[in-house]
Amino acid sequence: MTVRVGERRVALADLVRVARGDEAVDLAAHARERVVAARATVERLAAASEPIYGLNSALGANTGAALAPDDLAEYQLRAIRARAVAVGAPYDRESVRAMLFARIAGMAQGGSGASPSVLDGLCALLNHDVVPVVPRIGSISVADLPQLAHLALVLVGEGDAYYRGERVSGREALARAGLEPVTLGAKDGVALISANAATIGRAALVLADALAVHDAWLTALALSFEAFRANLSILDERVLRARPARGQIEVGAVLRKLLGGSALFQSGAARRVQDPLSLRVAPQVHGALHWMLAETREQIEIELNSAAESPLIVDDGTMRSNGNFHVPTLAIAFDATALAFAQTSSLAVERAIKFMSPAFTDLPLQLTRLGPAHSGFATVQKTLTALWADIRRLANPASLDFLPVSGEIEDHATQALAAVEKLDALVGLVRYLVAIELVVAAQAIDLRGVPASSLGSGPQSAYALVRESVSMLEDDRPLGPDFDRIEARVRDGAFAID
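The notes below deal with the structure included here. Please read these numbers as outputs of a predicted model, since none were measured by experiment.

Thresholds applied
- Residues numbered from 1 in each chain as written.
- Predicted model: local features only at pLDDT ≥ 70, side-chain atom pairs only at ≥ 80, totals over all residues.
- Heavy atoms only, no water.
- Axes fitted to C-alpha atoms, helices over the stretch in contact; angles between N-to-C directions.
- Helix = DSSP H or I, 4+ residues; strand = E, 2+ residues; numbered from the N terminus.
- Parallel < 35°, antiparallel > 145°, perpendicular 65-115°, else oblique.
- Left-handed = near helix turned anticlockwise from the far one by under 90°.
- Contact = heavy atoms within 4.5 Å.
- Nonpolar A, V, L, I, M, F, W, Y, C, P; charged D, E, K, R; others polar.
- Core = buried A, V, L, I, M, F, W, Y, C linked by side-chain atoms within 4.5 Å.
- Buried < 20%, exposed > 50% of the residue type's maximum accessible area, 1.4 Å probe, protein only.
- Polar contact = N/O pair within 3.5 Å; in protein donor to acceptor, adjacent residues only side chain to side chain.
- 1 Å grid on protein atoms, 1.4 Å probe; cavity = no way out; pocket = protein on both sides within 12 Å on 5 of 7 lines; lining within 4 Å.
- Points joined across faces, edges and corners; volume = space filled by probe spheres on them.
- Phe/Tyr/Trp six-rings, centres within 6.5 Å; stacked < 30°, edge-to-face > 60°.

**Focus: the packing of helix 14 (residues 328-354) against helix 16 (residues 380-394)**
- Interhelical geometry of helix 14 versus helix 16 gives an angle of 165° and a closest axis separation of 9 Å. The angle between the axes of helix 14 and helix 16 places the two elements in the roughly antiparallel class. For helix 14 against helix 16, the interelement crossing comes out left-handed. Together, Ala338, Ala342, Ser345, Ser346, Val349, Ala352 and Ile353 of helix 14 and Gln381, Leu384, Trp388, Ile391 and Leu394 of helix 16 make up the contact between the two elements.
- Residues belonging to the contact of helix 14 with helix 16 are distributed by class as follows: nine nonpolar, three polar and no charged.

**Focus: the nonpolar core**
- In this structure, Leu192, Phe225, Phe341, Phe377 and Leu438 are the most contacted members of the largest nonpolar core, which totals 151 residues.
- Of the residues forming this core, the biggest block, 21 residues, is contributed by helix 17 (residues 416-448).
- Ignoring any residue separated from it by four or fewer positions in sequence, one finds Phe225 in contact with Ala230, Leu232, Ile234, Leu235, Leu255, Leu259, Leu264, Leu279 and Ala282.
- Among the nonpolar cores identified, the runner-up in size contains five residues, and Ala38, Val42, Leu45 and Met319 belong to it.

**Quick notes on the side chain of Thr219**
- Along the chain, the position of Thr219 falls in helix 9 (residues 197-228).
- Owing to a relative accessible area of 6%, Thr219 belongs among the buried residues under this scheme.
- Thr219 has contacts with Leu258, Gly458, Ala462, Phe495 and Ile497, leaving out every residue within four places of it along the chain.

**Notes on the side chain of Thr368**
- With respect to the helices and strands, the residue Thr368 is situated in the loop between helix 15 (358-361) and helix 16.
- One polar contact links the side chain of Thr368 to the main-chain amide nitrogen of Leu370, over a distance of 3.3 Å.
- Among residues more than four places away in sequence, those in contact with Thr368 are His374, Ser375, Gly376, Leu447 and Glu474.

**Regarding empty space enclosed by the protein**
- Inspection of every chain in the model, using the stated rule, returns one cavity of 30 Å³ or more.
- Considering the residues around the largest cavity, the lining is formed by Ala102, Arg103, Gly106, Ala195, Asn196, Ala197, Ile200, Glu303, Ser306, Ala308 and Glu309.
- Elements supplying a minimum of two residues to the lining of the largest cavity: helix 4 (93-107) and helix 9.
- When residues in the lining of the largest cavity are grouped by element, the largest group, three residues, is from helix 4.
- Here the lining of the largest cavity is built from residues that sort into five nonpolar, three polar and three charged.

**Regarding the packing of aromatic side chains**
- In this structure the tally under the stated criterion is two aromatic pairs.
- Seen from their ring centres, Trp217 and Phe341 are 6.3 Å apart, and the 15° between their planes marks the pair as stacked. In this pair, Trp217 is assigned in helix 9 and Phe341 in helix 14, connecting sequence segments 124 residues apart. No difference in accessibility class separates Trp217 from Phe341, as the two residues are buried.
- Both rings, one in Phe228 and one in Phe355, keep their centres 5.8 Å apart while their planes meet at 80°; by these two values the pair is edge-to-face. Remark: Phe355 occurs in the loop between helix 14 and helix 15 and Phe228 occurs in helix 9; sequence separation between them is 127 residues.

**A few points about the environment of Val87**
- For Val87, the position within the fold is in strand 3 (residues 87-90).
- Among the residues examined, Val87 registers a relative accessible area of 46% and is labelled partly exposed.
- Between the alpha carbons of Val87 and Val168 there is a distance of 18 Å; along the sequence they are 81 residues apart.
- In contact with Val87, not counting residues within four places along its chain, are Pro135, Arg136 and Ile137.

Here it is, written out as structure tokens:
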């Protein structure tokens with residue numbers, strides 16, 4: 001299949017399909033018309049004498065310095081080379097493909113004024129699997145200049161790229177793919193690098209992973225409800241609608257669906273009138289996370305469908321310097337999502353630890369029925385605490401950490417890419433929390449000795465999946481490998497909600 005950019009609003013799923021599913025990309029006819037019209041505006045203004053930032057006037061600390069008319073195209077190439085300052089390990093193939101797609105989607109809006117050949121060249125990189133080597137460190141998200149410069153170098157036959165998994169020079173990668181380097185015209189270099197495509201591409205992939213892990217987490221939560229014999233009055237739709245805070249009604253509906261058919265809905269089935277807050281307020285706290293994930297998705301899709309260039313071609317045929325390249329809403333959304341994940345993580349840690357206490361569950365101490373000579377799940381509390389400590393650290397905001405640069409012209413930064421990468425690391429830790437909760441809850445189900453038929457449909461499936469990979473703990477054994485196996489199943493989507 002092919003994703004046709006400009007045919008409709010670009011969705012998060014479109015980017016994921018291109019980045020991870022290797023789908024091809026092309027440009028819808030009316031999007032190409034926009035690009036051609038915008039390019040005509042650039043060429044007209046480049047021939048005029050009015051100074052325009054990035055077109056006939058220099059960039060950054062040199063703002064206002066006039067460029068010679070015969071240097072406009074060459075300046076664009078120098079602008080890319082000079083900003084290719086990113087360092088560190090390169091991004092993976094999927095992430096670079098996501099960045100390419102994000103830049104194509106932005107340029108297709110027409111505001112950049114890029115030459116059609118530049119946009120076609122970016123599509124060709126994707127469609128021929130030429131993957132520029134893009135180092136991870138450098139962007140402060142006042143546009144992703146360092147990362148996008150490395151990406152753009154390959155388009156003009158410089159830098160390095162992977163072709164069919166082999167790292168070669170950019171020129172060699174193009175040649176092997178049967179492509180020619182793109183010749184830049186006025187403003188083309190600025191159009192390629194003055195954007196946040198690295199942040200947006202990474203943000204989309206990280207959010208897709210975050211959405212998936214929250215799906216699995218709700219499944220694990222439903223299994224914990226069954227294992228704890230929780231009071232399900234907390235999921236009553238009338239209760240949740242009495243204070244309709246963002247997300248909690250939707251989360252309540254998902255949990256009711258997962259628990260459909262559970263014996264816990266019968267009168268007197270619950271262990272307590274009121275459970276610990278780690279169970280009782282789960283719809284509220286997971287609801288907040290659900291809300292932030294939805295809001296973050298909206299911010300990403302706004303960016304994918306916007307012209308965020310400076311200078312920007314507007315509909316009166318002029319170019320306007322502006323701040324559309326700045327993405328504080330995206331940065332703050334990712335910081336807030338990290339906080340929401342931390343809140344839900346604290347509940348999961350408390351639930352898992354309480355399962356080990358007979359005072360809360362009426363189950364054997366440390367979830368072992370073999371007595372005090374066996375440790376059971378006791379030491380897992382250390383792993384839970386270590387995970388929580390790292391998650392809490394990663395929940396601290398990234399969007400406030402910046403210094404003025406470029407001769408103090410750029411005296412604010414959003415650090416959106418840092419916020420995205422921080423959430424990526426956090427989500428990786430959350431997968432382990434989810435895996436541990438699934439294993440702990442399955443152990444408690446076994447110790448309860450209840451038939452699987454009494455469980456809700458979601459917990460039944462989750463329990464079966466856990467037991468496909470991990471047996472019930474009888475005699476003490478290393479539990480770390482068990483958690484690794486279930487984490488891999490979580491990562492692969494085995495616990496996704498239908």
